[in-house]
Amino acid sequence: MAQDTARQPPPTAPTAPARALLPLILPSVTVGIVTSLVFVGVSTAAEKLQHVLWGPLPDALGVGRYSVLWMFVVLFATGVAVGLVVWKAPGHAGPDPATLGLDAPVLPPRVLPGLLIAVGLMLAGGPSLGPENPIIAVNVGLAMWLGQKLVPRTPDALWPVLAEAGTIGALFGTPVAAALVISESLAGRPLRGRLWDNLFAPLTAAACGAITTTLVARPTFDLGLPPFGHARWGDVVAALVIAPAAALLGMCAVYVFPYVHAVFRRLRHPMLMLPAGGLVLGALAAVGGHLTLFKGLTEVGELARDPGGWSAGQFAAMAVVKLAALVVAASCGFRGGRIFPAVFIGAALGLCAHALVPAVHPAVGVATGVLGMLLAITRQGWVSLFTAAALVASPAVLALLCIASLPAWLLVTGRPQMQLHPDGTPIR
């Protein structure tokens, strides 16, 4: 009798009735749309300012748009402007960005305007960071504040989850990325009901955020690389080499990160840290060229349009310079995320492999390079796989990515992350 009992499978969690999920639809739809509009609004404003800073303004002054002098001037001025916001804005534009990941804290409403201004200036000025972390933080704070006021009976814990999912859906233009991130975060928590019941509201918010961004801004991650057909043995070997190599290079940045952060922290004041960071970024841009500026998504598209347009050494130099710029920008106090610059770095490494060994298909090189770099920088397995696959838009590459992720993950798991505790020690 005891044996029969032991052989019985564990009871499955009951499925939530539809009446329990229906009330979540309206808040989820609203949050998804609002998070997308915030993201699109900040991105559009930053793009317009970027166009002025790097177009008509240097033309009017008779300075080359991407001359060494102008890159120094704009990056230093960006450091001064963001430093002023961090110094004077209520709440100092949020906590130290080196301590933040995709899971954003709930910030009070008075902090959000300063954070929005800081990220907009950063995106326009050229530091190598993306918008994801601060935009998620703004949307989480906004959703919590408005949700508590307008729908006070809704549990407070729901609003951050909806805001994160909606923003991730908006950032990537698809709810799949948000579903993967939320599933990964739920893996270590006790769940009430089925997994899909717990994903219902976040997935709704992510879908609405993604479709809103798609309708308003029409983003795309497909780099338009030559199509990849059936995998061959050489592709498997290339994937197993490139992804771990990218992960190793990413881990070099992870290990250096707390030391660079500590150097900038010794300056103590944002009006010293950020301008100093701007000067270092100007020097790096002078070495790597203008393609190593900004968040990197537009620039990686330029690389992909002409995979044979640069030598292996040039691709390698851009990858190393961009990685150094990412470490500096994230250490000195610029408000931004690390995913989009990591995509540029991984893509440059993959194209470097193609330039060295022409038999390496550009799609395989880019996808596996991005995969390895994102695993090291973000430690988000599902997001890394999804982003790498989305860049090449070829179903055949998925199997290669899953194989390549195994040795790359073994290199990064259990090691420090590119995120710090408030005392400056790395998170493991």
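Residues numbered from 1 in each chain as written. Predicted model: local features only at pLDDT ≥ 70, side-chain atom pairs only at ≥ 80, totals over all residues. Heavy atoms only, no water.

Colleague: Give a detailed account of the overall build of the protein, specifying residues and quantitative values.
Modeller: Across its full length, the protein holds 18 helices and zero strands. Here the protein has a C-alpha radius of gyration of 22 Å; the compact-globule value for 428 residues is 22 Å, and the two agree. Dimensions of the protein, computed from C-alpha atoms along their principal axes, come out at roughly 80 × 55 × 40 Å. Burial statistics for the protein: of 428 residues in total, 53% are counted as buried. Considering only residue pairs separated by 6 or more positions, the protein has 77% of its internal contacts joining residues 24 or more positions apart. Both charge centroids of the protein, one from 24 positive and one from 16 negative side chains, sit 7 Å from each other. (Helix = DSSP H or I, 4+ residues; strand = E, 2+ residues; numbered from the N terminus. Rg over C-alpha atoms; globule rule 2.2 N^0.38 Å. Buried < 20%, exposed > 50% of the residue type's maximum accessible area, 1.4 Å probe, protein only. Contact = heavy atoms within 4.5 Å. Lys, Arg positive; Asp, Glu negative; His and termini not counted. Charge placed at Lys NZ, Arg CZ, Asp CG, Glu CD.)

Colleague: Lay out the pattern of salt bridges in plain terms, naming residues and giving numbers.
Modeller: Scanning the model with the defined rule gives two salt bridges in all. Between Arg-65 and Asp-59 there is a salt bridge, and its shortest N-O distance comes to 2.6 Å. Under the relative-accessibility criterion, Asp-59 is labelled partly exposed at 42%. Linking Asp-96 and Arg-265 is a salt bridge whose minimum nitrogen-to-oxygen distance equals 3.7 Å. Placement of Asp-96 in the loop between helix 5 (68-88) and helix 6 (112-125) and of Arg-265 in helix 11 (residues 233-265) is noted, with a sequence separation of 169 residues between them. (Salt bridge = Lys/Arg side-chain N within 4 Å of Asp/Glu carboxyl O.)

Colleague: Give me the packing of aromatic side chains: which residues, what numbers.
Modeller: Counting across every chain of the model gives five aromatic pairs. Members of the aromatic cluster, connected to one another through ring pairs, are Trp-54, Tyr-66 and Phe-294. The ring of Trp-87 carries Lys-88 above its face, with NZ or CZ at 4.1 Å from the centroid. Looking at Lys-295, its charged tip hangs above the ring of Phe-340, at a distance of 5.4 Å from the centre. (Phe/Tyr/Trp six-rings, centres within 6.5 Å; stacked < 30°, edge-to-face > 60°. Lys NZ or Arg CZ within 6 Å of the ring centre and 35° of its normal.)

Colleague: Mind laying out helix 17 (residues 381-392), listing which residues take part and the relevant values?
Modeller: With 12 residues, helix 17 should cover 16 Å at 1.5 Å per step; its first-to-last C-alpha distance of 18 Å lies within 8% of that length. Taking burial as the measure, the 12 residues of helix 17 include 10 buried ones, the bulk of the element. Residue Ala-393 follows helix 17 closely and has a positive phi angle near 50 degrees. (Expected span 1.5 Å × (residues − 1).)

Colleague: Residues and numbers for the state of the cysteines, please.
Modeller: By definition, a disulfide links two cysteine residues through a covalent bond between their sulfur atoms. Applying the stated criterion across every chain, the model contains zero disulfides. Among the cysteines around Cys-252, which has no disulfide bond, Cys-352 carries the closest sulfur, lying 15 Å off. Assessed through its relative accessible area of 46%, Cys-252 is described here as partly exposed. (Disulfide = S-S within 2.5 Å.)

Colleague: Tell me about the environment of Leu-53, and please be specific about residues and values.
Modeller: Inspection of the secondary structure assignment puts Leu-53 in helix 3 (residues 25-53). Measuring from C-alpha to C-alpha, the distance between Leu-53 and Arg-65 comes to 8.6 Å, with 12 residues separating the pair along the chain. The contacts of Leu-53, once residues within four sequence positions are left out, are Pro-58, Trp-70, Val-74, Ala-124 and Gly-125.

Colleague: Tell me about helix 16 (residues 362-378), and name the residues and values.
Modeller: Over its 17 residues, helix 16 extends 23 Å from the first C-alpha to the last, a length consistent with the 24 Å expected when each residue adds 1.5 Å. With respect to burial, helix 16 is a largely interior element, 17 of its 17 residues being buried. Positioned one or two residues after helix 16, Arg-379 has a phi angle of 60 degrees, which is positive.

Colleague: Kindly report on the packing of helix 3 against helix 8 (residues 158-172), identifying the contributing residues and their values.
Modeller: Contact pair helix 3 / helix 8: the axes reach a minimum separation of 8 Å and the direction vectors enclose 50 degrees. Between helix 3 and helix 8, the angle is such that the two are oblique. Once helix 3 is placed against helix 8, the crossing between them reads as right-handed. Contact residues: helix 3 offers Pro-27, Ser-28, Val-31, Gly-32, Thr-35, Ser-36 and Phe-39, while helix 8 offers Trp-159, Leu-162, Ala-163, Gly-166, Thr-167, Ala-170 and Leu-171. Grouping the amino acids of the contact of helix 3 with helix 8 by side-chain chemistry returns eight nonpolar, six polar and no charged. (Axes fitted to C-alpha atoms, helices over the stretch in contact; angles between N-to-C directions. Parallel < 35°, antiparallel > 145°, perpendicular 65-115°, else oblique. Left-handed = near helix turned anticlockwise from the far one by under 90°. Nonpolar A, V, L, I, M, F, W, Y, C, P; charged D, E, K, R; others polar.)

Colleague: Would you mind going over the packing of helix 16 against helix 17 in detail, with residue names and values included?
Modeller: In the contact formed by helix 16 and helix 17, the axes pass within 8 Å of each other and the chain directions differ by 155 degrees. With respect to helix 17, the element helix 16 is oriented roughly antiparallel. In this structure, helix 16 crosses over helix 17, and the sense of that crossing is right-handed. From helix 16, Ala-363, Val-366, Ala-367, Val-370, Leu-371, Leu-374, Leu-375 and Thr-378 reach across to helix 17, where they touch Gly-381, Ser-384, Leu-385, Thr-387, Ala-388, Leu-391 and Val-392. Here the contact of helix 16 with helix 17 is composed, by residue class, of 11 nonpolar, four polar and no charged.

Colleague: Which residues make up the side chain of Gln-419, and what values go with them?
Modeller: Within the fold, Gln-419 resides in the segment after helix 18 (397-412). Of the polar contacts made by the side chain of Gln-419, one reaches the backbone oxygen of Thr-99; its length is 3.1 Å. Setting aside anything within four residues of it in sequence, one finds Gln-419 in contact with Ala-98, Thr-99, Leu-100, Gly-101, Phe-257, Thr-425, Pro-426 and Ile-427. (Polar contact = N/O pair within 3.5 Å; in protein donor to acceptor, adjacent residues only side chain to side chain.)

Colleague: Could you give me a rundown of the confidence of the model for the protein, with the residues and numbers involved?
Modeller: Model confidence for the protein is summarised by a mean pLDDT of 87, while 92% of its residues fall at 70 or above. This model gives residues 1-6 a pLDDT under 50, and the stretch forms zero contacts once residues within four places in sequence are excluded. (pLDDT = per-residue confidence, 0-100.)

Colleague: Give me the lowdown on the side chain of Thr-35, citing residues and values where you can.
Modeller: Of note, Thr-35 is situated in helix 3. Residue classification places Thr-35 among the buried positions, given a relative accessible area of 2%. Not counting residues up to four positions away in its chain, the partners in contact with Thr-35 are Asn-139, Ala-163, Gly-166 and Thr-167.

Colleague: Break down unusual backbone geometry for me, citing the residues and quoting the values.
Modeller: For Ala-93, which is not glycine, the phi torsion reads 60 degrees and is therefore positive. Of note, Ala-93 is situated in the loop between helix 5 and helix 6. According to the relative accessible area criterion, Ala-93 is buried, its value standing at 1%. Unusually for a residue other than glycine, Phe-294 sits at a positive phi of about 65 degrees. With respect to the helices and strands, Phe-294 occurs in the loop between helix 12 (270-288) and helix 13 (297-305). Look at Phe-294 and you get buried, because its relative accessible area is 4%.

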